[in-house]
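Each chain is listed here by its residues.
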Amino acid sequence: MFIDMNFFQSNSSRKLTGIILIILFAGLIGMQVATPSIQNPAVSGEFKAPKEIKSIFERSCYDCHSNETKLQWFDKLAPFSYMVAADVREARKRYNFSTWDSISPADQEVKLWYMVNMIEAGKMPLPQYTAVHRKARITDEELSLLKTYVTQLSHRNHGAGDTAKIKVVNKSIASRPKSINGISYFDDYKSWKVIASTNRLDNGTMRLVYGNDITVKAINEKTINPWPDGAIIVKVVWNMQPEDGEGTTKPGNFNNVQMMIKDSKKFTDTEGWGFARFNGLELKPYGNTVAFAVSCINCHRLVSKNGFVFDIPTRTPELAIK
Amino acid sequence: MKIKILQCFIAHFILAGCTHADKTILAPEFVFGEENLHVITSGFNRRKSTNFTLYGNAIAINNGSDSSRSLLPGQVYKLVTWKQKPNPYWFGGYINDEILTIEILKVSQSGNRVVQTDYHVENSKKEILHRNDSEKQSRIKFIREQKASVFP
């Protein structure tokens with residue numbers, strides 16, 4: 001111990017400590033007076049779901065992701081109140097159960113799967129929040145209820161498969177559409193290796209994920225966190241056709257192509273990855289402002305330990321502890 | 001309050017411990033790729049928990065006919081089948097696991113313009129797996145029936 005105990009005994013230092021404490025106390029009081037108050041705007045387009053599902057979200061998420069924030073007394077004390085206010089502001093911006101109707105049913109579906117995966121990854125509700133609001137914790141049973149709910153929802157929406165006639169390429173389309181952040185479409189990936197082949201219940205699509213030589217080399221050498229500059233990953237997405245008699249599902253209409261380009265100097269706001277997405281056979285660039293890529297990386301942060309890439313070939317450990 | 005902070009710390013360490021336990025084990029051997037072979041199409045089978053990609057050389061690729069592919073000398077097809085598993089990083093997703101089989105179909109021409117097919121199946125260790133004639137014929141039919149996926 002480096003503290004000289006005599007220091008606290010001496011008269012003059014006692015006085016000094018007293019003064020400091022008074023200043024700190026006054027500061028804290030001052031903070032309480034100026035403490036941010038959280039407004040609850042009107043609920044305009046409330047989230048609708050079966051009661052047992054909705055009540056889970058109400059208990060665990062509504063304090064931040066709705067206009068029905070109910071704070072505890074300790075949330076209103078500075079300095080906590082400042083953090084709580086910032087979290088609520090950010091959380092409502094990401095999605096808001098009170099204005100749920102303002103986003104399209106397709107976006108609602110995406111968000112619901114995002115929620116389930118954030119809960120499963122232990123990222124939501126925010127751990128610093130559940131540490132003190134213990135009732136907000138989500139049990140394993142509740143998580144499986146939510147999983148069943150989203151699975152059934154998507155089965156209703158996509159279970160039948162894409163039965164539309166398969167459209168082919170219209171050669172007259174401008175060949176290299178450009179994303180707002182400057183990334184242009186290219187089709188070199190067609191001669192690259194496929195690093196993963198995936199499909200998703202949540203939106204009825206199947207994908208091939210291509211990697212350039214630098215990407216494949218990084219996988220071979222197991223140096224993916226961070227991925228080396230120059231790595232490029234391209235994901236091609238098709239709608240699923242209905243399952244055939246043998247249980248085989250084949251790609252139907254082309255849906256979109258998505259790209260991730262690693263350049264740690266250029267894409268500093270998004271962990272060194274440049275994102276682009278081109279929709280439909282006309283390859284319409286996705287995103288109205290360059291900030292669209294922030295929403296891409298936010299979700300890809302779920303796999304920060306894989307250098308922000310989901311689809312990598314991995315072996316399941318024999319004795320996985322979960 | 002102190003106890004809560006302590007609990008929070010302990011919880012944090014336990015969580016960190018868990019992430020370590022399911023450490024990512026990269027499996028480059030699941031990646032298939034050969035020079036001169038490009039993707040023709042892909043698919044998966046939820047009942048069998050498999051997914052597959054059909055590759056072909058240039059002559060094979062430029063021959064995506066409507067009902068059945070015509071067999072032309074020089075064509076090489078490789079149909080790779082993987083085991084499929086839930087995506088470990090996204091609930092709702094499925095991803096290929098290890099390679100189960102590679103089916104190889106080569107088309108050649110013998111003497112009097114007779115087109116000949118040579119079909120065999122290997123596992124990921126390049127060991128040849130036995131198939132009887134009718135099995136072989138039905139797999140050749142399967143390959144010939146695959147329509148090319150639409151790429152932009």
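Just above sits the structure.
Just so it is clear, the structure is predicted and the values come from calculations on it, not from any experiment.

**Comments concerning the nonpolar core**
Residues and elements named next belong to chain A. If you look at the biggest cluster of nonpolar residues, it comprises 50 residues, and the most contacted ones within it are F47, F57, F97, L112, W227, W273 and F275. At the level of secondary structure, the elements contributing two or more residues to this core comprise helix 3 (51–60), helix 6 (105–120), helix 8 (140–158), strand 1 (193–200), helix 9 (213–220), strand 6 (273–279) and helix 10 (292–300). Per-element tally for this core: the top contributor is helix 6, with 7 residues. Here this core spans two domains, and each of domain 1 (51–158) and domain 2 (188–314) adds at least three residues to it. Those residues in contact with F275 that lie beyond four places of it in its chain are S179, N181, I183, M259, M260, T270, F292, A293, C296, I297 and H300.

**Comments concerning empty space enclosed by the protein**
Here the structure, examined in full by the defined rule, presents 1 cavity of 30 Å³ or more. Taken as a whole, the largest cavity encloses approximately 40 Å³ of empty space. Forming the walls of the largest cavity are A:S197, A:T198, A:N199, A:M206, A:R207, B:S42, B:G43, B:F44 and B:N51. At the level of elements, strand 1 and strand 2 (205–211) of chain A together with strand 1 (38–45) of chain B are the ones that each hand at least two residues to the lining of the largest cavity. Broken down by class, the residue content of the lining of the largest cavity amounts to 2 nonpolar, 6 polar and 1 charged.

**Overview of the interface of chain A and chain B**
Contact residues are listed per partner, giving 67 residues for chain A and 51 residues for chain B. Across the chain A to chain B interface the summed buried area is about 5200 Å²; carbon plus sulfur atoms make up 59%. Looking at the side of chain A facing chain B, the largest losses of area belong to A:N199, A:T314 and A:R315, adding up to 13% of the total buried there. Among the salt bridges present, the one from B:R47 reaches A:E243, with a minimum N-O distance of 3.2 Å. Our count for the contact surface shared by chain A and chain B stands at 24 residue pairs in polar contact (both at pLDDT 80 or more). Elements with a minimum of two residues in the side of chain A that touches chain B: helix 6, helix 8, strand 1, strand 2, helix 9, strand 3 (232–240), strand 4 (248–249) and strand 5 (251–262) of chain A. Residue contributions to the side of chain A that touches chain B peak at 8 residues, all from strand 1 of chain A.

So, how was this worked out
Residues numbered from 1 in each chain as written. Chains lettered and ligands numbered in written order. Predicted model: local features only at pLDDT ≥ 70, side-chain atom pairs only at ≥ 80, totals over all residues. Heavy atoms only, no water. Core = buried A, V, L, I, M, F, W, Y, C linked by side-chain atoms within 4.5 Å. Buried < 20%, exposed > 50% of the residue type's maximum accessible area, 1.4 Å probe, protein only. Helix = DSSP H or I, 4+ residues; strand = E, 2+ residues; numbered from the N terminus. Domains from an automatic or database assignment. Contact = heavy atoms within 4.5 Å. 1 Å grid on protein atoms, 1.4 Å probe; cavity = no way out; pocket = protein on both sides within 12 Å on 5 of 7 lines; lining within 4 Å. Points joined across faces, edges and corners; volume = space filled by probe spheres on them. Nonpolar A, V, L, I, M, F, W, Y, C, P; charged D, E, K, R; others polar. Buried area = accessible area lost by both parts, 1.4 Å probe. Salt bridge = Lys/Arg side-chain N within 4 Å of Asp/Glu carboxyl O. Polar contact = N/O pair within 3.5 Å; in protein donor to acceptor, adjacent residues only side chain to side chain.

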